[in-house]
Protein chains: 2
Amino acid sequence: MIKAITSKDNPRVKFAYSLKENKNRNANKMFLAETFKSLEMALAQNLVVEVFATDYVELPEDIPLNLVSENILKKLSSNVNPEGVVFIAKMNDKEVKNANKVLYLDEISDPGNMGTLIRTALAFNYDLVVTSENSVSIYNEKVINSSKGAIFAIPVRKGNLSSYKGTHQIIVSDLSKNSIDFNDLELKDKFVLVLGNESRGISKDTKKLADVSIIIPISNIDSLNVSVAGGILMNKIH
Amino acid sequence: MIKAITSKDNPRVKFAYSLKENKNRNANKMFLAETFKSLEMALAQNLVVEVFATDYVELPEDIPLNLVSENILKKLSSNVNPEGVVFIAKMNDKEVKNANKVLYLDEISDPGNMGTLIRTALAFNYDLVVTSENSVSIYNEKVINSSKGAIFAIPVRKGNLSSYKGTHQIIVSDLSKNSIDFNDLELKDKFVLVLGNESRGISKDTKKLADVSIIIPISNIDSLNVSVAGGILMNKIH
């Protein structure tokens, strides 16, 4: 199904554009993504609804391809120099069973950090990423962009840390003096690695749920960027 | 020296504002920075020239404090919600002798990545960060912001990788199949860790200078974000 669209007022373009707002994403359980690499990763998971591109793209027969002008593509894209493809993707809400390795993001507010942490969790074979209620929206365009397609290959859900208490080892990255060096952690088979807010760190309620608190030994400066800390921890803990 | 400034046309405000442009930063060997934490780190290195703040700030006697309105502060700041202080800092161009642990940034183009990598290099006790000629400007406001004050505590210079050939072990982070697992690296006392461009990776010319090429073992995805990869490598190699 290939169609040429020439007007910005076309209903498909308008619908796609409406997905820039969180309430429309949630109502339709769909979101916008871009780049050919992400499209490839989304196709592999059967999560592509419809594609907008400036040139022909090879797609499965049942996925509509809309050929659009540069201007329409720019309107849909969140990048200054889009790659030439924007697509509508389905939110992946399949139930996740047997998630042994879980990354929990507690009030992460920067979308670049959230996307990067999702990408890193996929790279280290985590089963699931869970975000707290007050974290930035998973389907924010900047999250999607910085996940580099990982959002399609690892399940990401909102959820409560407390639901893992008892079944999983809850490991909290915490800058307090009582934390142990992460190199000395005795890792259990099922665990949740918890990373906290960029400026405030781990909240009190979250600390109460910790089975163990860990720290990365550093010098000269109070803390690392949360994506960097997450990378160092996931490289070891997986 | 405390002065109240009420006009955006005040010459000190205009001078500070001019430092948002690279050519003015280079001509004056000065740049803009903000946040109280960065101010503290810059004061510790005697790199503060002049301060603009909405409230009184304790400063050494010889450093001028300009009390300004919220509006003037917002004009000087690069943040949507500035902390209440912006300052002019001197570029640190003291000669760096005996730099044994060097981070080399080869064509890093994202200012957030560069700032984060500078912050991480400080945290792992590197002696020096060197950036290639075609990397983003060290004194770009986003680099300064994401360095979180580290720019004042670790020397950062433009330079050529070739000047380290022979004296330092040149370790290149490279996704090619010939690279060894970074965990198996035999580290020498003097080394340069090289990280490449966000999309293109390591350039051909840089590869030729490598004494050893290393890779981080990952799954499911081609690569990590360069700040994350840098963090994982520097945590091990320092």
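Before going into details, it helps to say that this report is about the structure given with it.

Rules behind the numbers
Residues numbered from 1 in each chain as written. Chains lettered and ligands numbered in written order. Predicted model: local features only at pLDDT ≥ 70, side-chain atom pairs only at ≥ 80, totals over all residues. Heavy atoms only, no water. Pairing = 2+ DSSP bridges. Helix = DSSP H or I, 4+ residues; strand = E, 2+ residues; numbered from the N terminus. Core = buried A, V, L, I, M, F, W, Y, C linked by side-chain atoms within 4.5 Å. Buried < 20%, exposed > 50% of the residue type's maximum accessible area, 1.4 Å probe, protein only. Contact = heavy atoms within 4.5 Å. Axes fitted to C-alpha atoms, helices over the stretch in contact; angles between N-to-C directions. Parallel < 35°, antiparallel > 145°, perpendicular 65-115°, else oblique. Nonpolar A, V, L, I, M, F, W, Y, C, P; charged D, E, K, R; others polar. Least-squares fit on C-alpha atoms with pLDDT ≥ 70 in both. Salt bridge = Lys/Arg side-chain N within 4 Å of Asp/Glu carboxyl O. Phe/Tyr/Trp six-rings, centres within 6.5 Å; stacked < 30°, edge-to-face > 60°. Lys NZ or Arg CZ within 6 Å of the ring centre and 35° of its normal.

The next point concerns the sheet that holds strand E9 (residues 169-173) of chain A. Residues and elements named next belong to chain A. Judged by pairing direction, the sheet is parallel, and its 7 strands sit side by side in the order E8-E7-E6-E11-E9-E12-E10 without closing on themselves. Two strands bound the open sheet, and with one partner strand each, they are strand E8 (156-158) and strand E10 (180-181). Pairing analysis gives 4 bridges linking E9 to strand E11 (residues 191-195), with the strands arranged parallel. The residue of E11 that forms the bridge with isoleucine 171 is leucine 193.

On to the nonpolar core. Counting residues in hydrophobic clusters, the biggest one holds 114 residues, and the most contacted among them are Val51(A), Leu103(A), Tyr126(A), Val51(B), Leu103(B) and Tyr126(B). Among all residues touching Leu103(B), those that are not within four sequence positions of it are Leu117(B), Ala121(B), Tyr126(B), Leu128(B), Val129(B), Val130(B), Leu193(B), Leu195(B) and Met234(B).

Once that is clear, we can look at the sheet that holds strand E6 (residues 101-105) of chain B. All names here are of chain B. Across the sheet, which stays open at both edges, the 7 strands sit in the order E8-E7-E6-E11-E9-E12-E10 with parallel pairing between neighbours. Edge positions in the sheet fall to strand E8 (156-158) and strand E10 (180-181), since each of these pairs with one other strand and no more. Here E6 pairs with strand E7 (residues 128-131) via 4 bridges, running parallel. Its bridge partner being in E7, leucine 103 is matched across the sheet by valine 129. Across the sheet, helix H5 (residues 111-123) is in contact with E6, E7, E8 and strand E11 (191-195); its angle to E6 comes to roughly 175°.

Attention now goes to the packing of helix H5 (residues 111-123) of chain A against helix H8 (residues 226-236) of chain A. Residues and elements named next belong to chain A. Their axes nearest at 9 Å, the elements H5 and H8 cross at an angle of 10°. As judged from the angle between their axes, H5 and H8 are roughly parallel. Contact residues: Asn113, Thr116, Leu117, Thr120 and Ala121 in H5; Val226, Ser227, Gly230, Gly231 and Met234 in H8. For the contact of H5 with H8, the per-class residue count stands at 4 nonpolar, 6 polar and no charged.

For these two chains of identical sequence, chain B goes onto chain A by a turn of 180° and a shift of 0.0 Å along the axis, with RMSD 0.0 Å. One copy is carried onto the other by what is essentially a two-fold rotation axis. Same-surface contact between copies: 100% of interface residues of chain B are shared with the interface of chain A.

This part is about the pattern of salt bridges. Tallied over the entire structure, the rule returns 18 salt bridges over all chains. For Lys37(A), the salt bridge is made with Asp222(B), and the minimal N-O distance between the two is 3.5 Å. With Lys37(A) in helix H3 (residues 36-44) and Asp222(B) in the loop between strand E12 (212-215) and helix H8 (226-236), this pair bridges two chains. Judged by relative accessible area, Asp222(B) falls into the exposed class, the value being 55%. In this structure, the salt-bridge partner of Glu21(B) is Lys23(B), at a minimum N-O distance of 3.5 Å. Residue class for Glu21(B) comes out partly exposed when judged on its relative accessible area of 44%. The exposure class of Lys23(B) is exposed, given its relative accessible area of 58%. Each of the salt bridges in this network shares a partner with another, and the network as a whole consists of Lys37(A), Glu40(A) and Asp222(B).

This next bit is on the packing of aromatic side chains. With the rule as written, the count across this model stands at 8 aromatic pairs over all chains. With a centroid separation of 4.5 Å and an interplanar angle of 40°, the aromatic rings of Phe31(A) and Tyr139(A) are classed as tilted. With a gap of 108 residues between them, Phe31(A) in strand E2 (residues 30-34) and Tyr139(A) in the loop between strand E7 (128-131) and helix H6 (141-147) connect regions that are remote in the sequence. Take Phe31(A) and Tyr139(A): they sit in the same class, and that class is buried. Between Phe87(B) and Phe152(B), the aromatic rings sit 5.8 Å apart at their centres with planes inclined by 35°, giving tilted as the arrangement. Separated by 65 residues along the polypeptide, Phe87(B) in strand E5 (residues 85-90) and Phe152(B) in the loop between helix H6 (141-147) and E8 bring together distant segments of the chain. Taken as a pair, Phe87(B) and Phe152(B) share a single burial class, namely buried. Here the aromatic residues Phe31(A), Phe87(A), Tyr139(A) and Phe152(A) are joined through ring pairs into a cluster of three or more. Lying over the aromatic face of Tyr17(B), Lys75(B) brings its terminal NZ or CZ to 4.3 Å of the ring centre.

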